[in-house]
Amino acid sequence: MALASTPAPPALKAKRRREAARTAAFLSPWLIGFGVFFAYPLVSTVYFSFMKYDGFTAPTFTGLKNWDYVLNHYPSFWTGLGNTLWLVLVMVTLRVVFGLGIGLLITRVKTGAGFFRTAFYLPYLAPPVAATMAFAFLLNPGTGPVDHLLGELGLPQPGWFTDPAWSKPALTLLAMWGIGDLMVIFMAALLDVPREQYEAAELDGAGPWQKFRFVTLPNISPIVMFAVVTGVIQTMQYYTQAIVAGKVASGVIGGSGQQFEPGYPHGSTWTLPQMVYNLGFQRFDTGSACVVAVILFAISMAFTSLLLRRKSGFVDED
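Everything quoted here is computed from the prediction, not taken from an experiment.

**Student:** Tell me about the packing of helix 5 (residues 128-138) against helix 11 (residues 240-250), residues and numbers included.
**Tutor:** Direction vectors running N to C along helix 5 and helix 11 enclose 40°, while the axes themselves pass 9 Å from each other. Judged by the inter-axis angle, helix 5 sits oblique to helix 11. The chirality of how helix 5 crosses helix 11 is right-handed. Within the contact between the two elements, helix 5 uses P128, V129, T132, M133, A136 and F137 and helix 11 uses T240, Q241, V244, A245 and V248. The class makeup of the residues in the contact of helix 5 with helix 11 is 8 nonpolar, 3 polar and no charged.

**Student:** Can you lay out the pattern of salt bridges for me, pointing to particular residues and giving the numbers?
**Tutor:** One pass over the full model with this rule turns up 2 salt bridges. When the shortest N-O distance is used, the salt bridge between D181 and R95 registers 3.2 Å. With D181 in helix 8 (residues 180-191) and R95 in helix 3 (residues 77-107), the pair connects residues that are 86 residues apart, well separated along the chain. The same class applies to D181 and to R95, which are both buried.

**Student:** Account for the nonpolar core, with residues named and values stated.
**Tutor:** Soluble globular proteins tend to bury their nonpolar side chains together. Core analysis: the largest hydrophobic core is formed by 38 residues, its most contacted members being F77, V96 and M275. Secondary-structure elements contributing two or more residues to this core are helix 3, helix 8, helix 9 (195-203), helix 10 (208-236), helix 12 (272-282) and helix 13 (286-308). When residues of this core are assigned to their parent elements, the largest contribution, 10 residues, is made by helix 10. Once residues within four sequence positions are removed from consideration, F77 is found in contact with V70, L71, L272, M275 and I295. In this structure, A136, A175, Y238 and I243 belong to the second largest nonpolar core, which totals 19 residues.

**Student:** Describe in detail the layout of surface pockets, supporting the description with residues and values.
**Tutor:** Of the pockets and cavities examined, the largest pocket occupies roughly 630 Å³. R95, Y124, G178, Q234 and Q241 are the residues nearest the centre of the largest pocket, which is lined by 27 residues in total. Among the secondary structure elements, those contributing two or more residues to the lining of the largest pocket are helix 3, helix 4 (113-125), helix 5, helix 7 (167-177), helix 8, helix 10 and helix 11. With 6 residues, the single largest contributor to the lining of the largest pocket is helix 10. In the lining of the largest pocket, the residues fall into 17 nonpolar, 8 polar and 2 charged.

Rules used in this analysis
- Residues numbered from 1 in each chain as written.
- Predicted model: local features only at pLDDT ≥ 70, side-chain atom pairs only at ≥ 80, totals over all residues.
- Heavy atoms only, no water.
- Axes fitted to C-alpha atoms, helices over the stretch in contact; angles between N-to-C directions.
- Helix = DSSP H or I, 4+ residues; strand = E, 2+ residues; numbered from the N terminus.
- Parallel < 35°, antiparallel > 145°, perpendicular 65-115°, else oblique.
- Left-handed = near helix turned anticlockwise from the far one by under 90°.
- Contact = heavy atoms within 4.5 Å.
- Nonpolar A, V, L, I, M, F, W, Y, C, P; charged D, E, K, R; others polar.
- Salt bridge = Lys/Arg side-chain N within 4 Å of Asp/Glu carboxyl O.
- Buried < 20%, exposed > 50% of the residue type's maximum accessible area, 1.4 Å probe, protein only.
- Core = buried A, V, L, I, M, F, W, Y, C linked by side-chain atoms within 4.5 Å.
- 1 Å grid on protein atoms, 1.4 Å probe; cavity = no way out; pocket = protein on both sides within 12 Å on 5 of 7 lines; lining within 4 Å.
- Points joined across faces, edges and corners; volume = space filled by probe spheres on them.

See the structure below:
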């Protein structure tokens, strides 16, 4: 026969309430920040994606009309989605590989490590607009020194930001130039790898690749995961460099009254964040802009969830 459960005494209930209130008080700064800066904007974005709203008049429910317009009728939506995914796959991969490679090289430099560390980190501190404008002028196919040097060497001279086939690779070169943030993170992780494991690997006859594969990579795998996940999230919000490069390459760097083709040249630098700005702040179609924002969030979450799976290959099972 089952015994009836004994109710908790009033003193114990009061103690539990005090502990819950204390816990809630300590969590309140995070809870308020989460609600104000994440939960409320996310719910509002989903809500307005089903509304006709221009930011001035009261929103009216339109069902799936905004979604149908963005997915089937808005010009260059799929072009912008393809460009954004290209940047995520190529730019993030090259940044992580290049940052890890530079970190490995500098940790093995005997003299001048401080100089090289500073030299590679300084470009990361350059303002994005100034760095993009400098790159656009350096890679200018007519007057830029890069193409001039390539011509002197007898190598092909790409159009870079004026050529649809080379605009995204040019943006990737710009991102790799400012690799200092990842380099510093990887250097800290590499210097924390136990030396005893390298010595044991050398006693077993392991070469440089084997030591990297079986000693270095397992130890820094959480940092690689961090770099990839944050890189994906940042690249999904890629806006400033793409819009500035397109404006400089097209000659539109002045003020109002100048016509500019978004995504210049020929939509090759058109990204989803630019689409949000175009719909929400230029066309005052807040509902459709919210649709693109929801799609951006969903893709970012899908990438992050895929990378965070234990079988993704970045984090060991043990």
